[in-house]
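Chains, contacts and geometry: an overview
This is what each chain is made of:
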Amino acid sequence: MNLQSPHLTIEMTRDIFYCKEALPLESGEILPEFQLSYTTQGQLNAEKDNVIWIMHALTGDANPQEWWSGLVGEDKFYDPANYFIICANYLGSCYGSTQPLSSRPDTGKPYYYDFPNLTTRDIAASLDRLRLHLGLEKINTVIGGSLGGQVALEWAYSLQNRLQNAIIIASNAKASPWIIGFNETQRMAIESDETWGKEHPDAGKKGLETARAIGMLSYRHPQTFVQSQSETEEKTDNFKISSYLRYQGQKLANRFNALSYWILSKAMDSHDLGRGRGGTPNALARIHCRVLSIGVDTDVLFTCDESRYIARYVAKGTYREIKSAYGHDAFLIEYEQLHYILQSFYLENNQ
Ligand SMILES: CC(=O)SCCNC(=O)CCNC(=O)[C@H](O)C(C)(C)COP(=O)(O)OP(=O)(O)OC[C@H]1O[C@@H](n2cnc3c(N)ncnc32)[C@H](O)[C@@H]1OP(=O)(O)O
Ligand SMILES: N[C@@H](CCO)C(=O)O
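Note that the coordinates shown come from a computational prediction; the quantities given were computed from them, not determined experimentally. (Residues numbered from 1 in each chain as written. Chains lettered and ligands numbered in written order. Predicted model: local features only at pLDDT ≥ 70, side-chain atom pairs only at ≥ 80, totals over all residues. Heavy atoms only, no water.)

1. Describing the UniProt feature "active site" (unreviewed entry) in the chain
- With numbering matched to this structure, UniProt assigns "active site" (unreviewed entry) to Ser 146, Asp 299 and His 328. With the annotated positions falling across 183 residues, the maximum pairwise C-alpha distance of 10.7 Å places them together in a single cluster.
- Judged by its relative accessible area of 4%, Ser 146 is buried.
- If near-sequence neighbours (up to four positions away) are discounted, Ser 146 is found in contact with Ala 57, Ile 169, Ala 170, Ser 171, Met 268, Phe 302, His 328 and Phe 331.
- Here His 328 is to be found in the loop between β10 (316-322) and α11 (335-348).
- Of the residues examined, His 328 reaches a relative accessible area of 1% and is grouped as buried.
- In this view, His 328 contacts Ser 146, Ala 170, Ser 218, Tyr 219, Asp 299, Leu 301 and Phe 302; residues no more than four positions away in its chain are not counted.
- Engagement of the side chain of His 328 in a polar contact is seen with the side chain of Ser 146, the distance being 2.9 Å. (UniProt positions renumbered as here; feature names shortened; annotations may be inferred. Buried < 20%, exposed > 50% of the residue type's maximum accessible area, 1.4 Å probe, protein only. Contact = heavy atoms within 4.5 Å. Helix = DSSP H or I, 4+ residues; strand = E, 2+ residues; numbered from the N terminus. Polar contact = N/O pair within 3.5 Å; in protein donor to acceptor, adjacent residues only side chain to side chain.)

2. Comments concerning the site of ligand 1
- Not every one of the 19 residues close to ligand 1 is listed here, only the nearest: Ala 57, Ser 243, Tyr 244, Tyr 247 and Lys 251.
- Separating an oxygen atom of ligand 1 from a backbone N or O atom of Ala 57 is a distance of 2.6 Å.
- In the model, an oxygen atom of ligand 1 is placed 2.2 Å from a nitrogen or oxygen of the Tyr 247 side chain.
- Across the complex, the protein chains shield 64% of the 1,000 Å² of accessible surface that ligand 1 would expose by itself.
- Sort the elements by how many residues they give to the shell around ligand 1 and helix α7 (residues 240-253) lands first, with six residues.
- Of the residues assigned to the shell around ligand 1, the class counts are eight nonpolar, six polar and five charged.
- Counting contributing residues, the shell around ligand 1 receives three or more from each of domain 1 (12-176 + 272-348) and domain 2 (179-266). (Near = heavy atom within 4 Å. Areas by Shrake-Rupley, 256 points an atom, 1.4 Å probe, with all protein chains shown as cover. Nonpolar A, V, L, I, M, F, W, Y, C, P; charged D, E, K, R; others polar. Domains from an automatic or database assignment.)

3. Some details on the pattern of salt bridges
- Inspection of every chain in the model, using the stated rule, returns 19 salt bridges.
- Across the pair Asp 305 and Arg 308 runs a salt bridge whose closest N-O atoms are separated by 2.6 Å. On the criterion of helical spacing, the pair formed by Asp 305 and Arg 308 is a turn pair, its members being three residues apart in helix α10 (residues 304-313).
- Residue Asp 305 is classed as exposed on the basis of its relative accessible area of 56%.
- Given the relative accessible area of 37%, Arg 308 is considered partly exposed.
- Linking Glu 321 and Arg 308 is a salt bridge whose minimum nitrogen-to-oxygen distance equals 3.1 Å. Note that Glu 321 is positioned in strand β10 and Arg 308 in helix α10, a separation of 13 residues in sequence.
- When salt bridges that share partners are traced, they join Glu 26, Arg 121, Glu 154, Arg 275 and Arg 277 into one network. (Salt bridge = Lys/Arg side-chain N within 4 Å of Asp/Glu carboxyl O.)

4. Some words on the domain arrangement of the chain
- Domain assignment breaks the chain into domain 1 (12-176 + 272-348) and domain 2 (179-266).
- Centre-to-centre, using C-alpha coordinates, domain 1 lies 24 Å away from domain 2.
- Contacts between domain 1 and domain 2 engage 30 residues on the former and 30 residues on the latter.
- Carbon and sulfur atoms make up 65% of the area that domain 1 and domain 2 hide from each other, which totals about 2,700 Å².
- Contact with domain 2 buries area across many residues of domain 1, yet Leu 58, Tyr 112 and Tyr 113 alone supply 25% of it, more than any other trio.
- Note that Arg 220 and Asp 329 form a salt bridge whose closest N and O atoms lie 2.9 Å from each other.
- Linking domain 1 to domain 2 there are 14 residue pairs in polar contact (both at pLDDT 80 or more). (Buried area = accessible area lost by both parts, 1.4 Å probe.)

5. Remarks on the side chain of Thr 224
- Inspection of the secondary structure assignment puts Thr 224 in helix α6 (residues 222-229).
- A distance of 2.6 Å separates the side chain of Thr 224 from the backbone oxygen of Ala 325, its partner in a polar contact.
- Residue contacts for Thr 224: discarding those within four places in its chain leaves Ala 325, Tyr 326 and Gly 327.

6. Some details on the packing of aromatic side chains
- In total, this model carries 18 aromatic pairs according to the counting rule given.
- Both rings, one in Trp 53 and one in Trp 155, keep their centres 4.7 Å apart while their planes meet at 90 degrees; by these two values the pair is edge-to-face. Placement of Trp 53 in strand β5 (residues 51-55) and of Trp 155 in helix α3 (residues 147-159) is noted, with a sequence separation of 102 residues between them. By the burial criterion, Trp 53 is buried, and Trp 155 matches it. (Phe/Tyr/Trp six-rings, centres within 6.5 Å; stacked < 30°, edge-to-face > 60°.)

7. Re the UniProt feature "domain: AB hydrolase-1" (unreviewed entry) in the chain
- In this structure's numbering, the residues bearing the UniProt feature "domain: AB hydrolase-1" (unreviewed entry) are residues 52-332.
- The span residues 52-332 is 40% helix and 13% strand, and its two end C-alpha atoms sit 18 Å from each other.

8. A short note on the pairing of strand β9 (residues 290-296)
- Counting buried residues in β9 gives six out of seven residues, a clear majority hidden from the surface.
- By the bridge criterion, five bridges tie strand β8 (residues 163-169) to β9 in an arrangement that is parallel. Bridge pairing links Asn 165 to Arg 290 in β9.
- For β9 and β10, the ladder comprises seven bridges, and the chain directions are parallel. Along β10, the bridge assignment pairs Arg 290 with Lys 316.
- Running through α10, the crossover from β9 to the neighbouring parallel element β10 is right-handed. (Pairing = 2+ DSSP bridges. Right-handed = clockwise from strand over helix to strand, strands pointing away.)

Laid out in structure tokens, this is it:
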């Protein structure tokens, strides 16, 4: 791909990166080869300092113009007319990258339950392979929410002075027992599905519906549903919130698969920037770039204190807060506040 093509590619291009070099994983296992589906839009400038790398969350794909439409795209904050914008689907996810349903190179059959557990550090390492493949010596900004923020933080640590800004939204430096607990209940729901364990692409699909319903409660806030799912007084059964959660479960199960969900939820649980690095504060202090850590006041999953903690221990940290009734998912919704916070951050740093 000629990143400095004279043709400004405002249109998003989709590509697959095939990496034939084995990827050693934190577990000690090795992924012999892998592919990453990714999108790019815009053009690398002459100084090569306008790369924006967008990181998706748990069930995201490589198309931020879809799930972050208020932030990425023509005339949006991250406008391809000004930036070279890239987004890659993570290892383990089912949107074009190597995942449990991918064929193993040694047998030609799907990995299924033999797919190796991944950590956020492994995912960051796989993205760095793509960076090197594209010849991107430096990145202006890595930005992501939730799992995307966790991977962004791991990558900020290893990129060091090759990265200018890390923007971590509704995320953490180390998975809390609370988050691991929520993910464990979701895996229990998948395990309770009698099809789980079978070698079939839809294994665990019904359990995934329940897992998503549990997840949706953690991604929102009681206020969210008071506003959108309240009832008149005569209702005694068949409540709106019940049908909403069942609907969201079906909606996700129809676009995702339980094996990918399992692998990525384990990656979220594995997240600990300080592992092998003298603990979280020491690791945060060694991040070279500027870090903007954004919390959501009603986020009950990734709390504001966890976002404040990141800003407090990194060398060049700023903390900002979104006020929202939406809870954790506010990072996908509160575009006006996000725009204001991002604009102030870049202006404060003369960018
Ligand atoms: C950064 C990332 O990687 S994100 C990962 C990828 N995620 C996605 O692609 C999804 C991102 N989008 C979302 O999560 C949500 O749409 C948000 C957070 C952006 C917006 O949330 P909300 O405005 O509350 O809409 P939400 O999606 O929760 O619910 C609306 C849907 O539920 C349906 N619904 C609402 N109430 C009910 C109910 N009582 N019963 C049944 N269905 C209901 C609506 O009809 C609507 O259906 P549709 O999605 O088919 O149009
Ligand atoms: N609701 C978003 C964020 C979860 O962390 C998703 O589905 O990935």
